[in-house]
Each structure stands twice: as structure tokens, then as C-alpha cells.
Amino acid sequence: MSGGFRSRSKTAAQQQNAQPSRVTAESTPKKRRQQKRNSYSAPKQRHAHRRRGAVVKDPARETALTVIRAVRADGAYANIMLSQELRHRHLNKQDAAFATELANGTVRAQGFLDAIIAEAAHRPVEEIDGDLLDVLRLGAYQLLRTRVPQHAAVSTSTELVRAERGQGSAGFVNAVLRTISRSTPEEWDERCCPQAAQDPLGALAYRTAHPRWIAEAFAGALRVDEDSAELAAALAADDSRPIVHLVALPGEATAEEVAAMTGGDISLLSPYAVHLIDGGDPGRLEVVREGHARVQDEGSQIVALTLRKAPLDGEDQGRWLDLCAGPGGKAALLGAEAAIAGATVTAVEPSHHRANLVRNACEGRPVTVVEVDGRDTGLEGGFDRILVDAPCSGLGSLRRRPESRWRRQPSDLADLTRLQRELLISASHLVRPGGVIAYSTCSPHLRETEAVVRDVSVEAGLDILDATALWPEWAQSEGAQHVTSAPFLQLWPHRHGTDAMFVSLLKRPVSPSVQK
């Protein structure tokens, strides 16, 4: 079962696609008949958002619930929805931090929470009304994964439901959460978690809130056994709340200046990275508002800088290409580097909306945005440096996109890897002899990383370079940040504190006749 959960609930994919029935009766059988009459007589609602502008008594939890509900009902992205809600509601720093923890944590732990909710409610979660399930997840997360007092987690969740749906639904939520609160997290593990002795991967997937297939993919990429401490550390880090990374854009500010202005810490990996330990909304920072720095995971910075540092055969003529540029973070960093080097960047993005995001991100830099498909650009070849930051499963950024782990399925990989190969083949036709291509994904899955690179390198006649050699101060060391994936550079949250970014360097060899 996905995630290794031993419960009555269905898989995450089934939960996502199932049409929830309107069961809002209390969990005790003798009260269901009367409660069913009450609940079914009410008009059915797809999801009951609180009216904007209404008095908010619990702003942090109401914000979190709005995000959780939008993710489930509308397919929203948690990070985008949360940012919008925080700006709209004008929460103070403490409430914003609490809302962020509740929203992201609840969405991230969905499968783990659903297994316990199903046991406590004595029914599969797909039989629970969606709006009530949102609140149950929010309350269960507080009971099982935070230090919020039990009475506060139960009572605030019950009041959220009572305000929207009345006493009957509130009674059901109260009963389920009180059942959960009577047992410790360890006791719930005994009921819902696979036995580690018989199924170590299932137990690990359950405890770190990962679908089983993703835990298997991590084990494969790390090349470790299913019961290894390394895999446990990787999944635990992937289940943790990430800190915000900024990139100090070259030519605009240094990392030291950004750190001084924000109170952040300078990183040991990217020379431009600053870590914001205290959290908060980075969009409110003056250095970000003025365009001197951007929010960007340090792993993404390493990808762009690996391309910039890669050695060429022959002189760099200053023609650089970003073949998958949207939404523009890496293009902005490449554009800042290009401005210093006297180069130009052509940024390819087929989506008009995302192309505009690239234009906004790269404003004032030598970047030209072209709205074409990266597989058939119509561009003249001869580029010195090409970045192929290919669309992927996103398994490497699950910390920052918590809903993705429950949306993605193994069946997604077939179409993705086909697209990745086509984009890399296209890049091989556009790079000049002696030029380099950086192929990257925000996924460590071997089918999306090494398999694609090795297949295309043979088909297109490209040489694979050692990307780790460009970062000898940490990638090739024996310290905690060392890399064991040479010639490929595979980053990990538990080793490097970054998203699990993958990057490979490929070079178009110069023919002997040209060398002469």
C-alpha cells in the first residue's frame, strides 16, 4: 500500500480522485441515524470558505485551513496559496509563522494523518466530507506533530467546523479528534505503522510521511539498503520544514551585504546564498523588494553556477541559452552572471504566463525571452552554454511543495522522461562543438537523472564531464557535504541542506578536423 500505511484508508491517489460522500454523522453507531437526517438536510457545499472580510478570531488556523482546503478542493499549490493568504490577511509575524507551520505541515503529512484519522473515525477517509476532513487533518497534525496543547487543538478545530457547518458536524470532528488525543503518537504507530522488522521501508515511509514508491526512489538514488541510516536521514530531512534561501544577485549585492541586511547566515556552498533562520515573509524584506536578492533554493543556485563554471573548449563567445526558463529563477541568476561576463542569455519558455514571469525576473539584465517549445525552438545553433532544467516529478523539492508527494504517481514518469530526453536531444543540436550543456532536474529519481543522461549522451555523441570537480571545496571532500554520485552532482537535504537537485554536464566534442 502506498506509503506503507496499514489502515483502512485507501491510497493517496485514490483519496485525491475520489468523490467524498457527505457522511457527517458522529462516530457512535446509535447516533448516526439522527445525525444523518440533520446533516443531509443541509445544502451540500463543495467547500465552505469563510467570507472574506469577516471577523477572524483565530487568524493563524483560519489561514492554514484556507490553504489546506484549496490544496484539496482546487488543486492549489500550498506555497503559492499560503503566500497569497498571508499578504491578504496581514498576519503578524507570530501568527504568520504558526499558519505556515500548520498549513505546510498538515499538507506534507497528509498520508500519515489519514491513516490515523481513518482508524479513529472507523471509516475510510474518502467517506468523510471533504471540508470536515480538512479540519480533521489540521487538528490531527496539531495533536500528533506539534506541541499545541490537546485541548486547544481539539476545541479550535471544533469551533472552526461549528462556525461553518453547525453543531452536528462539529460533534463528529470533536469525537474523532478526542479519540486521537487519547493515544500517544507512539501508540498510534503501533496500530497504523508496518512492523519495521518485516517491512523496514514501509515503516520508514509511514513515519516520514512519504508514499512508499518515493522512499524506494530515494533508496535507489542513494544506492543504500531499505533499512540504512542514510535513507532514514534523507527521508527525515525531506519531511522537515525548510528554511528560506536567498540568492544575492551578482552585480546587485554580495552575500555578506544581504546577510547583514536580513540577519541571515552566509552559506558554505553557493557563494551567493544566504539562509534566513528566523523565517517570516521574505517578500517583505527591503533587499528582496528592491531586486538585489531573490528567494531561491541554494540547490538551484548550484545548478546555474555549475553551468557558468564549466570549462569550454575554445573561447566563450557569450551566447548562453536557458531551454526551460520558466518561472525565471535560474535565468535571473544566469542573466546577472552574463551581465558581468559580457554575455547574453536566450530564455525559452512556451507558456505565455510563465514567459512573463521570466521577463519580470530578468528585467534589466541581458536576457531575451522567446516563447517557443524547447524541443523545436527554430533558434540558430552555436550556443556556448545551455541549461536544460527539465520538467520533472519534483521529488527533490517535496519540502517546499508539500502537496506534491501525494499527487505524483509512478505512472507520471513515462511521459516526463520522454520529454526530458527530447529536450536534451534538442540542446545537443543547439550547442557548439566544445560547448557545454547542464542537464538538471529537481528530482533524484534515477529514471529522470542518470538514465536520461547516459541514453542521450550515447545517442547524441556527447561527453559526460565530472560536475563534482567544479566544487572541490565541498563536493569532493570527506565531510558531511561530500558527493558520492560523481560524475553527476546529486544534492540532498540531509547532506547539503538544499533541495535534492541533480545536475550533469555534457560537452559536444570538437572534431579532429576542427582541432587541427
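Being a predicted model, the structure only gives us computed values, none of them experimental.

Engineer: Can you lay out the packing of helix H7 (residues 130-145) against helix H9 (residues 167-181) for me, pointing to particular residues and giving the numbers?
Structural biologist: Viewed as axis vectors pointing N to C, H7 and H9 meet at an angle of 25°, and their least axial separation amounts to 10 Å. Relative to H9, H7 is oriented roughly parallel. Between H7 and H9 lies a crossing whose hand is right-handed. The residues of H9 that touch H7, namely those facing Leu 132, Val 135, Leu 136, Gly 139, Ala 140, Leu 143 and Leu 144, are Ser 169, Phe 172, Val 173, Val 176, Leu 177, Ile 180 and Ser 181. Looking at the contact of H7 with H9 residue by residue, the class counts come to 11 nonpolar, 3 polar and no charged.

Engineer: Describe the nonpolar core, with residues and values.
Structural biologist: Judged by nonpolar contacts, the single largest core of 57 residues is most densely connected at Ile 117, Leu 144 and Ile 180. Here this core gets 9 residues from one element, more than from any other, and that element is H7. With residues up to four places along the chain from it excluded, the contact list for Ile 180 reads Ile 116, Ile 117, Ala 120, Ala 140, Leu 143, Leu 144 and Trp 188. Counting 44 residues, the second largest nonpolar core, distinct from the first, contains Leu 249, Ile 302, Ala 304 and Cys 362.

Engineer: Please provide a residue-by-residue account of the packing of aromatic side chains, values included.
Structural biologist: Counted by the stated rule, this structure contains 5 aromatic pairs. Judged by centre distance (5.4 Å) and plane angle (65°), the ring pair of Phe 218 and Trp 492 falls under edge-to-face. Placement of the pair is Phe 218 in helix H12 (residues 212-222) and Trp 492 in the loop between strand E11 (489-490) and helix H22 (493-496), with a sequence separation of 274 residues. Of the two residues, Phe 218 and Trp 492, neither departs from the other in class, the shared state being buried. A cation sits over an aromatic face here: Arg 145 above Phe 112, 4.6 Å from the ring centre. If you follow Arg 407 out to its NZ or CZ, it ends over the ring of Tyr 77, 5.7 Å from the centre.

Engineer: Got a sec to walk through the confidence of the model for the protein chain? Specific residues and values, please.
Structural biologist: Confidence in the prediction of the protein chain, expressed as mean pLDDT, is 89, and 88% of residues score 70 or more. Here residues 1-56 is modelled with pLDDT under 50, and outside its nearest four sequence neighbours on either side it reaches 122 contacts, counting other chains as well.

Engineer: Requested: an account of the sheet that holds strand E2 (residues 265-266), with residues and values cited.
Structural biologist: Spatially, 4 strands are ordered E2-E3-E1-E4 in an open sheet, and the strand pairing comes out antiparallel. Either end of the sheet is taken by a strand with one partner, and the two such strands are E2 and strand E4 (293-295). Its contacts with the sheet place helix H14 (residues 255-262) against strand E1 (244-248), E2, strand E3 (273-276) and E4, and it is angled at close to 15° to E3.

Engineer: Provide a residue-level description of helix H20 (residues 413-430), including the pertinent values.
Structural biologist: Compared with an ideal rise of 1.5 Å per residue, which puts 18 residues at 26 Å, H20 spans 26 Å between its outermost C-alpha atoms and is within 8% of the ideal. Every buried residue belonging to H20 is among Leu 413, Leu 416, Thr 417, Gln 420, Leu 423, Leu 424, Ile 425, Ser 426, Ala 427, Ser 428 and Leu 430, and all of these are buried. Those residues of H20 hidden inside the fold are in contact with H12, strand E5 (319-322), strand E8 (383-389), strand E9 (431-441), helix H21 (450-460) and strand E12 (502-507).

Engineer: Outline the pattern of salt bridges, listing residues and values.
Structural biologist: In this structure the tally under the stated criterion is 37 salt bridges. In this structure, the salt-bridge partner of Arg 400 is Asp 499, at a minimum N-O distance of 3.3 Å. Highlighted residues: Arg 400 in the loop between E8 and helix H19 (404-407) and Asp 499 in the loop between H22 and E12, separated in sequence by 99 residues. Residues joined in a network through salt bridges with shared partners are Arg 69, Arg 72, Asp 129, Asp 131, Asp 134, Glu 164 and Arg 165.

Engineer: I'd like a description of the pairing of E8, backed by residues and values.
Structural biologist: Of all 7 residues making up E8, 7 are buried, and the element is well covered by its neighbours. As paired strands, E5 and E8 are joined by 3 bridges and run parallel to one another. Pairing of Asp 322 across the sheet is with Leu 387, part of E8. One ladder, built from 6 bridges, connects E8 with E9; its direction is parallel. In the strand pairing of E9, Leu 387 is matched with Ala 438.

Engineer: Help me get a handle on the environment of Ile 180, residues and values and all.
Structural biologist: Looking at the element boundaries, Ile 180 is found in helix H9. In the structure, Ile 180 is positioned 30 residues away from Gln 150 in sequence and 9.8 Å away in space, judged by C-alpha atoms.

Engineer: Could you give me a rundown of unusual backbone geometry, with the residues and numbers involved?
Structural biologist: For residues besides glycine, phi is generally negative; the peptide bonds are generally trans as well. Of note, the bond from Gly 326 into Pro 327 is cis; its omega dihedral lies within 30 degrees of zero at 5°. Mapped onto the secondary structure, Pro 327 falls in the loop between E5 and helix H17 (329-341). Residue Pro 487 is reached from Ala 486 by a cis peptide bond, and omega for that bond is 10°. Here Pro 487 is to be found in the loop between strand E10 (463-465) and E11. We note that His 122 has phi near 60°; this positive angle belongs to a residue other than glycine. As for its placement among the helices and strands, His 122 is situated in the loop between helix H6 (110-121) and H7. According to the relative accessible area criterion, His 122 is exposed, its value standing at 51%.

Rules behind the numbers
- Residues numbered from 1 in each chain as written.
- Predicted model: local features only at pLDDT ≥ 70, side-chain atom pairs only at ≥ 80, totals over all residues.
- Heavy atoms only, no water.
- Axes fitted to C-alpha atoms, helices over the stretch in contact; angles between N-to-C directions.
- Helix = DSSP H or I, 4+ residues; strand = E, 2+ residues; numbered from the N terminus.
- Parallel < 35°, antiparallel > 145°, perpendicular 65-115°, else oblique.
- Left-handed = near helix turned anticlockwise from the far one by under 90°.
- Contact = heavy atoms within 4.5 Å.
- Nonpolar A, V, L, I, M, F, W, Y, C, P; charged D, E, K, R; others polar.
- Core = buried A, V, L, I, M, F, W, Y, C linked by side-chain atoms within 4.5 Å.
- Buried < 20%, exposed > 50% of the residue type's maximum accessible area, 1.4 Å probe, protein only.
- Phe/Tyr/Trp six-rings, centres within 6.5 Å; stacked < 30°, edge-to-face > 60°.
- Lys NZ or Arg CZ within 6 Å of the ring centre and 35° of its normal.
- pLDDT = per-residue confidence, 0-100.
- Pairing = 2+ DSSP bridges.
- Expected span 1.5 Å × (residues − 1).
- Salt bridge = Lys/Arg side-chain N within 4 Å of Asp/Glu carboxyl O.

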